[in-house]
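Architecture and fold: a report
Here's the letter readout for the chains.
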Amino acid sequence: MELKSNTSPVVTDPAPMTQSRLGIHSTLMPYSPAGPAFSPTLFLTIPRKKPGILDDVRSNTWLDAMKSSSPTHRKKSKDSTAEISANENDLSYRIWMLKYPSALSSFEQITNYAIGKRIALFLDYDGTLSPIVDDPDRAFMSSAMRAAVKNVAKYLPTAIISGRSRDKVYDFVGLAELYYAGSHGMDIMSPVRSISDDYSCLRSTDKQGKEVNLFQPASEFLPMIDEVFISLVELTKDITGAKVENNKFCVSVHYRNVDEKSWSTIGESVDELVKRYPRLRLTHGRKVLEVRPVLNWDKGKAVEFLLESLGLNNCDDVLPIYIGDDRTDEDAFKVLREGNKGYGILVSSAPKESSAFYSLRDPSEVMEFLKCLVSWKKSSSACDN
């Protein structure tokens, strides 16, 4: 497998304003494939970079960078002030939705475009299928959400692509009928199928004993990741509220429960450690710092890999839909938007720039959208018979 130097993957500037981003989806006409989904140099590119730079946060200080990934909390002393603030937030959100229309309100538009196509569904986990919670070990999905995901998987090929370790997200979801990609797509279990020589897969078995392909492009980094995990646990042991999570091919440092006065301390400590590992990089999520291998691999490339594994790549009659809420999901949104391949749906209750086409406010709306897909698929099948 060839290793080349390149620049670090970054979250790019928002997509330019077009009619489709204003809710006038001119791209809803049938599209043609944008060429091969993969190339021989698609992955395992090790960039040269200055150590310790946050790849996906354009900010001058650690504190600013960490605040940028956290919701703004306004102090309200009077009911009238709270009401004004709520009205302002609601207005800004409604204006934002002109660019990112509700996937529920636009459901008929989405399904009209999906007529005659096979939908492939990709889902993030935290903040999409489960609420964001203080303790990451307790990010459980509801029974109703599990039932909705199980039902949609009966009709559509469905995969979960999470920053969690693959085993951990499987334990949370507990559905054998799905496909799982953990560690931001660096650990994928997929059906046994002949795929491009660009990917070196291992033959393995899943928890039900079924034979599967296992794709782990960052396997050589495992000893380094384990070493960093141990160091980070030691570094943060005296910072109240800090939690370090080993997600197999990346390490997450959660600061959701850390006093804001200590944010710069935890950020600088993690940064100093990562400087000692030039083959690792530091990225941001929602109140989490993540140490990841320097690889040209992300959730967008995981979507492409899974489409090929499912025999759905380079097909005019396939419509991928990706639903996610975090910065890392932007890589998948961008892949779908750039090739006019499908739709990204951002889950957010606050306005923010995205490469997604549509939006949903929270996991409850995600569940409603999944139920709508099932109802639509049932009615479509009935009409076909």
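Above this note sits the structure.
Residues numbered from 1 in each chain as written. Predicted model: local features only at pLDDT ≥ 70, side-chain atom pairs only at ≥ 80, totals over all residues. Heavy atoms only, no water.

Okay, unusual backbone geometry next. Excluding glycine, residues mostly have negative phi values, and the peptide bonds linking residues are mostly trans. The backbone of H184 sits at a positive phi, close to 60°, despite the residue not being glycine. Relative to the helices and strands, H184 resides in the loop between β3 (179-182) and β4 (187-191). Given a relative accessible area of 3%, H184 falls into the buried group. One non-glycine residue, N314, adopts positive backbone phi at about 55°. Along the polypeptide, N314 turns up in the loop between α8 (299-309) and β11 (318-324). By relative accessible area, which is 44% here, N314 ends up partly exposed. (Helix = DSSP H or I, 4+ residues; strand = E, 2+ residues; numbered from the N terminus. Buried < 20%, exposed > 50% of the residue type's maximum accessible area, 1.4 Å probe, protein only.)

With that settled, consider the sheet that holds strand β8 (residues 251-254). Sheet strands pair by backbone hydrogen bonding; their relative direction is either parallel or antiparallel. Across the sheet, which stays open at both edges, the four strands sit in the order β7-β8-β10-β9 with antiparallel pairing between neighbours. In this open sheet, the two edge strands, each paired with only one partner strand, are β7 (243-246) and β9 (280-285). If you compare each strand with its neighbour and ignore which way they point, the axes differ by 20° on average. Here six bridges tie β9 to strand β10 (residues 288-293), and the two strands are oriented antiparallel to one another. Following the sheet pairing, G285 is matched in β10 by V288. Relative to the sheet, helix α6 (residues 222-236) contacts β7, β8, β9 and β10, its axis offset from that of β7 by approximately 170°. (Pairing = 2+ DSSP bridges. Axes fitted to C-alpha atoms, helices over the stretch in contact; angles between N-to-C directions. Contact = heavy atoms within 4.5 Å.)

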